[in-house]
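Examining the three-dimensional arrangement
For reference, the chains in residue letters:
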Amino acid sequence: MNFELTQERQMLQDSLQRYLRDKYTTETRNAILQSEAGMSEEIWQQLADLGVIAALFAEEQGGFGGAGFDLAVVFEALGRAGVVEPFMETAILAGGLIARLGNPAQQDLLDRLMAGGLQLAFAHGEPTGRYDLTHVATTAHAQDDTILLTGRKAVVFNAERADMLVVSARESGAVDDPEGLSLFLVPKDTPGLGIQGYALLAGGRAAEVTLEQVRLGAQARLGAPGQAAEAITAQIAAACVAQTAETLGAMETACALTKDYLMTRKQFGRPIGSFQALAHRMSDVLIEMEQARSAVINAAGHLEAAPAQRERFVSAAKNLIGRVGRLVAEESIQLHGGIAMTQEYELAHIAKRIVMADHRFGDVDHHLERFIAFSAA
Amino acid sequence: MDLSYSDAEKAFRKEVRQFLDQNLPDDLRDKVRRGKDLGKEGHERWHRILNERGWLAPNWPKKFGGAEWNAVQRHIFEEEAAAASAPRIVPFGLSMLAPVLQKFGSKAQQDHWLPRILSGEDWWCQGYSEPGAGSDLASLKTTAVKEGGHYVVNGQKTWTTLGQHANMIFCLVRTDSAVKQQEGISFLLIDMNSPGVEVRPIVLLDGGAEVNEVWLTDVKVPLENLVGEENKGWTYAKYLLTHERTNIAGVGFSQAGLAAVKRIAAAEMANGRPLIENPHFAARVAQIEIDLMAMATTNLRMISRAAAGTAPGVESSMLKVKGTIIRQAINDLARRAGGVYAMPFASEALEGANDMVPDPLSAGPVAAQYFNNRKLSIFGGSNEIQRSIIAKESLRGGA
Ligand SMILES: Cc1cc2nc3c(=O)[nH]c(=O)nc-3n(C[C@H](O)[C@H](O)[C@H](O)COP(=O)(O)OP(=O)(O)OC[C@H]3O[C@@H](n4cnc5c(N)ncnc54)[C@H](O)[C@@H]3O)c2cc1C
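Residues numbered from 1 in each chain as written. Chains lettered and ligands numbered in written order. Predicted model: local features only at pLDDT ≥ 70, side-chain atom pairs only at ≥ 80, totals over all residues. Heavy atoms only, no water.

Another point: the domain arrangement of chain B. Residues and elements named next belong to chain B. In terms of domain boundaries, chain B breaks down into domain 1 (7-90), domain 2 (123-235) and domain 3 (250-398). With five residues of domain 2 at the interface, the matching set in domain 3 holds seven residues. A combined buried area of about 470 Å² lies between domain 2 and domain 3, and 56% of that area is made up of carbon and sulfur atoms. In this assembly, domain 2 and domain 3 are joined by one salt bridge. (Domains from an automatic or database assignment. Contact = heavy atoms within 4.5 Å. Buried area = accessible area lost by both parts, 1.4 Å probe. Salt bridge = Lys/Arg side-chain N within 4 Å of Asp/Glu carboxyl O.)

Contacts between the two partners involve 52 residues from chain B and, on the opposite side, 47 residues from chain A. For the pairing of chain B and chain A, the buried interface totals around 4,300 Å² over both sides, and the portion due to carbon and sulfur atoms is 58%. Our enumeration of links across chain B and chain A arrives at five salt bridges. In this structure, the salt-bridge partner of Asp-332 of chain B is Arg-326 of chain A, at a minimum N-O distance of 3.4 Å. On the surface where chain B and chain A come into contact, there are 26 residue pairs in polar contact (both at pLDDT 80 or more). Looking at the side of chain B that touches chain A, the elements with two or more residues in it are strand 8 (269-270), helix 9 (279-307), helix 10 (314-338), helix 11 (366-372) and helix 12 (383-394) of chain B. Residue composition of the side of chain B that touches chain A, by class: 28 nonpolar, 14 polar and 10 charged. (Polar contact = N/O pair within 3.5 Å; in protein donor to acceptor, adjacent residues only side chain to side chain. Helix = DSSP H or I, 4+ residues; strand = E, 2+ residues; numbered from the N terminus. Nonpolar A, V, L, I, M, F, W, Y, C, P; charged D, E, K, R; others polar.)

It is common to give the size of an interface as the accessible area lost on bringing the parts into contact. All names here are of chain A. Looking at the assigned domains, one finds that chain A contains domain 1 (7-114), domain 2 (120-226) and domain 3 (230-376). For domain 2 and domain 3, the distance between their C-alpha centres works out to 30 Å. Counting from both sides, the interface comprises 13 residues of domain 2 and, opposite them, 13 residues of domain 3. Buried area between domain 2 and domain 3, both sides added, is near 1,100 Å², and the carbon and sulfur share of it is 71%. Linking domain 2 with domain 3 are one salt bridge. Between Asp-363 and Arg-130 there is a salt bridge, and its shortest N-O distance comes to 3.6 Å. Grouping the constituent residues of the side of domain 2 that touches domain 3 by class yields eight nonpolar, three polar and two charged.

Taken together, 29 residues sit near the ligand, with Gln-334 of chain A together with Ser-135, Thr-161, Ser-382 and Glu-384 of chain B positioned nearest. Gly-338 of chain A places a main-chain nitrogen or oxygen 2.8 Å from an oxygen atom of the ligand. Between an oxygen atom of the ligand and a side-chain N or O atom of Ser-135 of chain B, the distance comes to 2.6 Å. Taken by itself the ligand offers 970 Å² of open surface, and the protein chains cover 93% of this. Taken together, the elements giving at least two residues each to the shell around the ligand come down to helix 10 (307-336) of chain A together with helix 12 of chain B. In terms of residue class, the shell around the ligand is built from 12 nonpolar, 13 polar and four charged. (Near = heavy atom within 4 Å. Areas by Shrake-Rupley, 256 points an atom, 1.4 Å probe, with all protein chains shown as cover.)

Below, the discussion takes up the packing of helix 8 (residues 251-267) of chain B against helix 10 of chain B. In a pair of packed helices, the angle between the axes and the distance between the axes together describe the arrangement. Residue and element names in this part refer to chain B. Where helix 8 contacts helix 10, the axes come no closer than 9 Å and their chain directions differ by 15°. Classified by the interaxial angle, the pair formed by helix 8 and helix 10 is roughly parallel. When the axes of helix 8 and helix 10 are compared, the crossing they make is left-handed. Between helix 8 and helix 10, the contacting residues are Phe-253, Ser-254, Gly-257, Leu-258, Val-261 and Ile-264 on the first element and Ile-326, Arg-327, Ile-330, Leu-333, Ala-334, Ala-337 and Gly-338 on the second. By residue class, the composition of the contact of helix 8 with helix 10 is nine nonpolar, three polar and one charged. (Axes fitted to C-alpha atoms, helices over the stretch in contact; angles between N-to-C directions. Parallel < 35°, antiparallel > 145°, perpendicular 65-115°, else oblique. Left-handed = near helix turned anticlockwise from the far one by under 90°.)

Now the structure itself:
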């Protein structure tokens, strides 16, 4: 057993943290949140130049990382700073699926992606699907050399900015059948593709995506027809590792802000952290933080394991981070008092990142049920 | 012990329900249901409607134009109003300042200010907190100095709820710095249109603008705007706080909130079935409903005891703590129920402008409300401060 980061990962973490500390200040970030685009192209490019995207891909894919611990290191740093730029969408979800399933021509996209020159989105979840990974009613009809996509996708992150969407659609089977799912690369200007965007509460933008007889060539398909479910599950597992690490980073920031505030804010002539009622609650939060870190390590360390084992650890982490994240966010706000309620203060954004993370890729209850299912198997 | 309502109480409930049915404007009901800002006009309209019926001031004595309802009547009204999605009554003039004026104000002050609260001519806000004086309110620094037939006030108030709509603010100010903190505080009524008053909005984490900073620079306040005696303001403030905490349990809000959770969860599908049928989610709902049923009775027990003459002290602290825990838990459930559609920032600008954006749950901004209501355990005396009060009272004498 060894709980130290490798030297490469340590260096990546250091340079990333240094960059974000200098460049991604509360003021800069809050300005990005208020901007129409909801993200900064400049910061995106600079982070790509630092190797952030390439670190999320394996060497044979043209990157220099790609393992669970690489994802965790990068996303924890992003989470600490409350970064809203769409690395999850572009690199882990859509990019990861291209890397996993794409033919050589499709794989060529990855070079551009790692250099920062491509933005992607993953259009998968649907309005009545909640967190169910195989619930896809969108259909793909293949005839000769053309494929027609029809359906609707819900809350698709980064859809407006994306140059291409990776869209899931059903070629056969019932609406929640794992068999029959395919993935397609859809360029953003394809006729029939509708994108209605909106801001998200925790930063960034998403959209409702409609597909009305979207006509594609057969070369738009990623992988074999009807066989995408396994890759989707595996890539969502990677996304869960990235996201739990990101949330852990945000939780670290919430704790740091709260500890500072407890020692500096004075009421009744003394620092409020000297009131035992608050000190003990901070202690409980710190205990749970150690549990949270371990859960993320467990999941990251099993990302390359066999699917059943991998999913069990991923769901365990997602469940635990959901629970502890809520505790950390709520306690941080409460221990601060009124100041934490103001949008301007760093904690406001961080708390929203933490809590809203439970609404992506399945919440606490969803992953509890999955954990039970995978444990029985 | 009799848990059933009397015939008179049942008739009263019917009367309230009928009134709400006939008089609550649809646009206001809709806004409340969707968690939208009513705006100044919306609040004023609802106040006017209640005032015309004589129900705007449930706890005021009849001689001041109140309804003088008993605890059960108030409870019935709160329940029905919340169930009908009626707007909350802005409390600052009606249930905070008015009781103080009725007990400690001069006849002239009562005659002048109370009718204006009922008519809506004045919109009051509460100027207690300061940047350095939150839980430790007695450390407040805003000063009032008597000078040439006026008080001259300098300082900064903060967190002033709906101060942007207000024309009057009641403030705690320091009139003597030489004595013990609590003994140098006075209770002053300040016209917000006076020169030297500046209101700056504070945007909260949900994006809403409901609180403000109020800066006071050389503001001249007529001497007759002092309530009661100089340097006795702390006594009045404490009296006010016990009134601030009536209805603090928010049982009606919780009942309406829980009903909304069930609505959302019936519409939201999880694994091909309504979420409300999911055992984990159903268990969460049931757990809160059990707590809330007990809370409703705790609330009634405590407020009837207070009505019987016991001063509300520990009881109101208990109601505040448990009531806010339950309300926040319900907000948390509503957020969970929303699933992926809890994530969009549901701004007013978005609505109508974008009819493709779904509101499959027609639940409004559930996540924004979850964050906004974190305030419930912070303001009105934080839950930690309330727990200290409970402990101090109940551990006294080692009993
Ligand atoms: C949305 C909102 C609306 C508000 N509206 C108004 C208004 O209209 N008018 C007005 O005057 N004020 C208003 N307030 C202010 C509110 O009353 C204060 O926020 C509250 O008194 C707490 O003060 P604080 O925020 O300075 O926190 P602090 O007092 O600094 O408290 C920080 C933390 O320390 C804890 N703490 C403090 N002292 C102790 C102790 N002795 N023992 C244990 N724990 C302790 C608190 O519970 C809290 O967790 C509002 C606040 C909010 C958030």
